[in-house]
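# Remarks on the overall topology
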Amino acid sequence: MEIKVVVFEDNKMLRESLAQLIDSSGKLTCTGAFPDATKLNRNLELSNPDVVLMDIDMPGISGIEAVQKIKEKSPDIKILMQTVFDDNDKIFAAICAGASGYMLKSTTPQKMIEAIVETYHGGAPMTASVASKVLQMFRLHSTTDAKREFIDLSNREKEILSLLVKGKSYKAVASECFIAIDTVGTHVRHIYEKLHVHSKSEAVAKAINQRLI
């Protein structure tokens, strides 16, 4: 089954290039490409995406506001942010709004396709520089006097959580741990269940807050 992807990007040339890249991947289908999010609900109804590739800076409704609206109406849709800047405030706002991952527009075409696929499978891909900033931000925002909880993570789960905090992709985690990508996904689901979280950003915050890694 091909993964349905929708692109929101105000730059016409880039929007068309992304649509072409998605359709030529053999794994994905672009079911819609829009210059802004002013008709967000209507566009999503027509395109029925699995993953949304969202530009963070658009005229009218910003990408961050669009993420909030999508998550309120269709929480199962995965969202991957795109931007030319690794701006701290916008990164944090996008992730808190519900974005799964955050990629710079300078990302290579192959890496972008991998990021979309990983997002669909529940991953949280991030450009390395962004992942580093996210880690710093969660350290700053985490409360130092938080009540410690007993969270029984296995050694393997701690290892995987540590790699995810560093911004490693599922593929990279699988390679470093010498396990299959599907196995990584299974471990991540178990980690989320034990931490009582629903996203990588929440898992990272709790891992730091509770000093799990």
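Residues numbered from 1 in each chain as written. Predicted model: local features only at pLDDT ≥ 70, side-chain atom pairs only at ≥ 80, totals over all residues. Heavy atoms only, no water.

When you tally the buried positions in strand β1 (residues 3-8), you get 5 out of 6 residues, the bulk of the element. The sheet contact formed by β1 and strand β2 (residues 28-34) spans 6 bridges and is parallel. Looking across to β2, one finds that isoleucine 3 is bridged to leucine 28. The parallel pair β1 and β2 is bridged by helix α1 (residues 12-23), and the resulting crossover is right-handed. (Buried < 20%, exposed > 50% of the residue type's maximum accessible area, 1.4 Å probe, protein only. Helix = DSSP H or I, 4+ residues; strand = E, 2+ residues; numbered from the N terminus. Pairing = 2+ DSSP bridges. Right-handed = clockwise from strand over helix to strand, strands pointing away.)

Here the phi dihedral of asparagine 48 falls at roughly 45 degrees; this positive angle occurs in a residue that is not glycine. As for its position among the elements, asparagine 48 is in the loop between α2 (40-47) and β3 (51-55). Positive phi outside glycine occurs at phenylalanine 178, with the angle close to 60 degrees. Here phenylalanine 178 is to be found in the loop between α8 (170-177) and α9 (181-195). We classify phenylalanine 178 as exposed; its relative accessible area is 77%.

Sheet architecture is open: 5 strands sit in the order β2-β1-β3-β4-β5, paired in parallel fashion. What marks the edges here is a single partner per strand, and that holds for β2 and β5 (101-104). Shown here is a sheet whose adjacent strand axes are inclined to one another by a mean of 25 degrees, direction ignored. Along the sheet, helix α5 (residues 109-120) makes contact with β1, β2, β3, β4 (78-83) and β5, crossing β4 at roughly 150 degrees. (Axes fitted to C-alpha atoms, helices over the stretch in contact; angles between N-to-C directions. Contact = heavy atoms within 4.5 Å.)

Let us look at the pattern of salt bridges. Summed over the entire model, instances satisfying the criterion amount to 6 salt bridges. When the shortest N-O distance is used, the salt bridge between glutamate 16 and lysine 12 registers 2.7 Å. Of this pair, glutamate 16 and lysine 12 both sit in helix α1, 4 residues apart, which is roughly one turn of the helix. Here the residues in one salt-bridge network are Glu9, Asp55 and Lys105, joined through shared partners. (Salt bridge = Lys/Arg side-chain N within 4 Å of Asp/Glu carboxyl O.)

Moving on to the confidence of the model for the protein. In this model, the protein carries a mean pLDDT of 85, and residues with pLDDT of at least 70 account for 90%. Averaged pLDDT values over the elements of the protein bottom out at 68 in helix α6 (residues 128-141) and peak at 97 in β1. (pLDDT = per-residue confidence, 0-100.)

Moving on, we get to the packing of α8 against α9. Two elements in contact, α8 and α9, have axes whose closest approach is 8 Å; the angle formed by their N-to-C orientations is 100 degrees. Classed by the angle they form, the pair α8 and α9 counts as roughly perpendicular. Contacts between α8 and α9 involve Tyr170, Lys171, Val173 and Ala174 from the first element and Ile181, Val184, Gly185 and Val188 from the second. Of the residues that constitute the contact of α8 with α9, the class distribution is 6 nonpolar, 1 polar and 1 charged. (Parallel < 35°, antiparallel > 145°, perpendicular 65-115°, else oblique. Nonpolar A, V, L, I, M, F, W, Y, C, P; charged D, E, K, R; others polar.)

This part is about the nonpolar core. In this structure, Phe8, Val52, Met54, Ile70, Met81 and Tyr102 are the most contacted members of the largest nonpolar core, which totals 29 residues. Secondary-structure elements contributing two or more residues to this core are β1, α2, β3, α3 (63-73), β4, α4 (88-97), β5 and α6. With residues near it in sequence (within four places) discarded, valine 52 still touches Val6, Phe8, Leu44, Ile70, Ile77, Lys78, Ile79 and Leu80. The next biggest cluster of nonpolar side chains, apart from the first, holds 22 residues, and it includes Leu163, Val173, Val184 and Val197. (Core = buried A, V, L, I, M, F, W, Y, C linked by side-chain atoms within 4.5 Å.)

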